[in-house]
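Letter by letter, the chains look like this.
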Amino acid sequence: MAVLITGGAGYIGTHTCVELLNDGYEIIVVDNFSNSQPESLRRVKELTGREFKTYAIDLLDAQSLERVFTENLISSVVHFAGLKAVGESVADPLWYYRNNVIGTIILCEVMKKFQVKNIVFSSSATVYGQPDQVPIRENALLKTTNPYGRTKHMIEEILRDLYISDSSWSVALLRYFNPIGAHKSGMIGESPKGIPNNLLPYISQVAVGSLDELRVFGNDYETKDGTGVRDYIHVVDLAIGHVRALEKIESSDGVHTYNLGTGKGYSVLEMVDTFEETSGKSIPYTILGRRPGDIPICFAETTKANVELGWRAERGIDEMCEDTWRWQSLNPNGYEQSNTESETSVPSKAADFFVTK
Ligand code: NAD
Ligand code: WQD
């Protein structure tokens with residue numbers, strides 16, 4: 001039996017593939033490579049010494065997805081595939097609703113057809129919008145403020161309804177806070193296309209010299225130093241959270257919702273200071289006005305995941321910055337540069353459909 005990983009070539013997906021493979025799981029990856037490259041999966045194989053099949057297909061292509069379920073014995077699905085840029089979702093909401101919501105409906109229809117009823121879903125702290133209080137508990141009001149966040153909220157509701165219709169489904173809704181960092185090896189990490197939107201990828205591209213300076217969005221919030229505060233979580237801790245969540249849903253039915261964060265908040269300027277200390281690079285910055293849609297402060301209450309999953313984030317911000325820097329300095333252009341050097345047998349993403357092992 002294998003675990004199907006949708007969006008497995010992406011940032012969080014690759015790190016979760018590594019943890020699952022190291023734990024002895026068989027995996028199969030489905031990805032359309034719209035925001036990733038086959039090179040990331042070649043490196044997962046190199047890192048773990050394990051082989052797995054990869055299908056280059058789009059979740060919206062139900063026929064090809066059915067083929068994956070026909071050709072393989074699948075026990076559970078970890079569902080990462082989705083678009084994730086807030087600004088892009090405001091500019092083109094239909095694209096986001098189609099890709100994320102319809103993509104998930106098609107996935108669930110195929111799962112239902114093949115009687116596969118275990119799913120771990122990548123939700124996001126963005127479903128909470130501006131929280132009434134911090135730390136945020138799982139039962140806080142959901143009042144997300146943008147189309148991307150609404151796709152996550154809608155998918156959560158769809159999965160809840162699915163369970164109500166058939167109680168043999170088992171669902172984990174994982175609400176990630178702010179994932180950063182990279183695998184210790186420096187071989188896999190976050191490789192955003194174009195200019196990054198998120199803080200740590202931006203800082204690390206300033207450190208490596210690809211960008212001139214950081215723009216700090218607002219220093220007049222009611223926070224410790226006026227800049228926005230977030231709960232940054234190491235991507236490897238997050239990946240391990242998925243392994244625990246998979247164990248949970250494989251042993252019990254129901255819909256289980258968990259915050260995956262550290263429970264601690266750090267400001268933008270604290271992140272800049274820590275990154276400078278760990279990398280030895282200076283990060284010049286300018287203070288600008290607030291970014292529309294930003295909230296002042298956000299961090300998780302993590303007791304539920306601690307108790308029910310036996311999981312806790314263990315890596316602190318020094319390690320998160322160190323690992324981000326190792327990845328960025330070894331791969332200044334992310335996965336881009338290595339395509340021509342790569343010995344990967346994975347065909348180009350232009351192919352409509354391929355399987356490789
Ligand atoms: P990512 O873009 O690196 O990975 C997503 C992967 O899904 C990519 O490889 C992309 O090519 C693939 N994909 C997208 N649409 C697809 C489709 N229709 N069919 C097949 N493949 C498709 O993003 P990530 O940071 O690894 O995020 C993974 C998941 O976690 C996403 O659902 C995202 O919304 C969610 N999430 C991310 C963050 C974050 O800050 N990174 C925070 C909260 C939640
Ligand atoms: C963090 C802090 C910014 C960039 C976003 C999505 C959310 C989730 C994670 C998926 C804020 C400040 C940032 C910069 C800055 N993704 N900042 N200069 O906004 O908490 O969350 O990514 O689910 O949905 O909204 O993360 O990293 O963009 O920002 O000053 O160039 O850094 O204002 O205070 P955010 P972020």
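Scoring rules and cut-offs
Residues numbered from 1 in each chain as written. Chains lettered and ligands numbered in written order. Predicted model: local features only at pLDDT ≥ 70, side-chain atom pairs only at ≥ 80, totals over all residues. Heavy atoms only, no water. Near = heavy atom within 4 Å. Polar contact = N/O pair within 3.5 Å; in protein donor to acceptor, adjacent residues only side chain to side chain. Areas by Shrake-Rupley, 256 points an atom, 1.4 Å probe, with all protein chains shown as cover. Helix = DSSP H or I, 4+ residues; strand = E, 2+ residues; numbered from the N terminus. Nonpolar A, V, L, I, M, F, W, Y, C, P; charged D, E, K, R; others polar. Salt bridge = Lys/Arg side-chain N within 4 Å of Asp/Glu carboxyl O. Buried < 20%, exposed > 50% of the residue type's maximum accessible area, 1.4 Å probe, protein only. Expected span 1.5 Å × (residues − 1). Contact = heavy atoms within 4.5 Å. Pairing = 2+ DSSP bridges. Right-handed = clockwise from strand over helix to strand, strands pointing away. Disulfide = S-S within 2.5 Å. Axes fitted to C-alpha atoms, helices over the stretch in contact; angles between N-to-C directions. Parallel < 35°, antiparallel > 145°, perpendicular 65-115°, else oblique. Left-handed = near helix turned anticlockwise from the far one by under 90°.

Near ligand 1 you find 26 residues, and of these D31, N35, S36, K84 and Y148 are the closest. One of the backbone N or O atoms of I12 is found 2.8 Å from an oxygen atom in ligand 1. Between ligand 1 and L59, the relevant distance is 3.0 Å, taken from a nitrogen atom to a main-chain nitrogen or oxygen of the residue. Its free accessible area being 820 Å², ligand 1 has 95% of it covered by the protein chains. For the shell around ligand 1, the secondary-structure elements that each account for two or more residues are α1 (11-22), β5 (118-124) and α6 (147-165). A total of three residues in the shell around ligand 1 trace back to one element, the largest contributor, which is β5. Grouping the constituent residues of the shell around ligand 1 by class yields 11 nonpolar, 11 polar and four charged.

For the rest of this paragraph, the subject is the pattern of salt bridges. A full pass over the atoms with the stated rule returns 21 salt bridges. Here E39 ties to R42 by a salt bridge, and the two come within 3.0 Å at their closest N and O atoms. With E39 and R42 both in helix α2 (residues 38-48) and three residues apart, this pair spans about one turn of that helix. Judged by relative accessible area, which is 2%, E39 ranks as buried. Between E39 and R43 there is a salt bridge, with its nearest N and O atoms 2.8 Å apart. Taken together, the residues span about one helical turn, with E39 and R43 both in helix α2 at a distance of four residues. Here E39 and R43 have matching classes, each one buried. A single salt-bridge network, built from bridges that share partners, covers K184, D237, R315, E319, D323 and R326.

Turning our attention to the site of ligand 2. Not every one of the 19 residues close to ligand 2 is listed here, only the nearest: S124, Y148, R215, R230 and D294. One nitrogen or oxygen atom from the side chain of S124 is found 2.7 Å from an oxygen atom belonging to ligand 2. One of the backbone nitrogen or oxygen atoms of F217 is found 2.9 Å away from an oxygen atom of ligand 2. Across the complex, the protein chains shield 87% of the 690 Å² of accessible surface that ligand 2 would expose by itself. Among the elements of the structure, α7 (199-207) and β8 (214-217) are those that each provide at least two residues to the shell around ligand 2. Broken down by element, the residue count for the shell around ligand 2 peaks at four residues, all from β8. In terms of residue class, the shell around ligand 2 is made up of nine nonpolar, six polar and four charged.

This part takes up α6. With 19 residues, α6 extends 26 Å from end C-alpha to end C-alpha; this agrees with the ideal 27 Å at 1.5 Å per step. Within α6, burial applies to P147, Y148, G149, T151, K152, I155, E156, L159 and L162. Close packing links the buried residues of α6 with α4 (86-91), α5 (93-113), β5, β6 (170-176) and β11 (254-260). Between a side-chain oxygen at the N-terminus of α6 and the backbone nitrogen of Y148 the separation is 3.2 Å; the capping residue is N146.

Moving on: the pairing of β6. Counting buried residues along β6, seven of its seven residues qualify, which places the element largely inside the surrounding structure. Residues S170, A172, L174 and Y176 of β6 are buried on one face, and the alternating residues V171, L173 and R175, pointing to the opposite face, are buried as well. Relative to β6, β5 runs parallel, the two sharing seven bridges. The partner of I119 across the bridge, within β6, is V171. Each parallel crossover has a hand, and for β5 linked through α6 to β6 it is right-handed. In terms of strand pairing, β6 meets β11 through seven bridges, oriented parallel. Bridge pairing in β11 places L174 opposite Y258.

This model, assessed by the stated rule, comprises zero disulfides. With no disulfide of its own, C108 lies 19 Å from the sulfur of C17, the closest cysteine sulfur. Lacking any disulfide linkage, C298 is separated from the closest cysteine sulfur, that of C321, by 18 Å.

Residues L214 and V216 point to one face of β8 and are all buried, whereas R215 and F217, pointing to the other face, are not buried. Two elements, β8 and strand β13 (residues 285-288), share four bridges in a ladder whose sense is parallel. By the bridge assignment for β13, R215 is matched with T286.

Turn by turn, an α-helix covers 3.6 residues, leaving residues three or four places apart pointing in a common direction. Here helix α11 (residues 317-330) is 14 residues long and its end C-alpha atoms lie 20 Å apart, about the 20 Å a rise of 1.5 Å per residue gives. Those residues of α11 hidden inside the fold are in contact with α2, β7 (178-180), α7, β10 (232-234), β12 (266-267) and α9 (268-279).

Running from N to C, α7 and α9 point in directions that differ by 40 degrees, and their axes come no closer than 11 Å. As judged from the angle between their axes, α7 and α9 are oblique. Note on packing geometry: the crossing formed by α7 with α9 is right-handed. In this structure, α7 contributes L199, L200, I203, S204 and A207 to the contact, and α9 contributes V268, M271, V272 and F275. Its residues assigned to classes, the contact of α7 with α9 shows eight nonpolar, one polar and no charged.

Remember, this is a structural readout, not a statement about activity or role.
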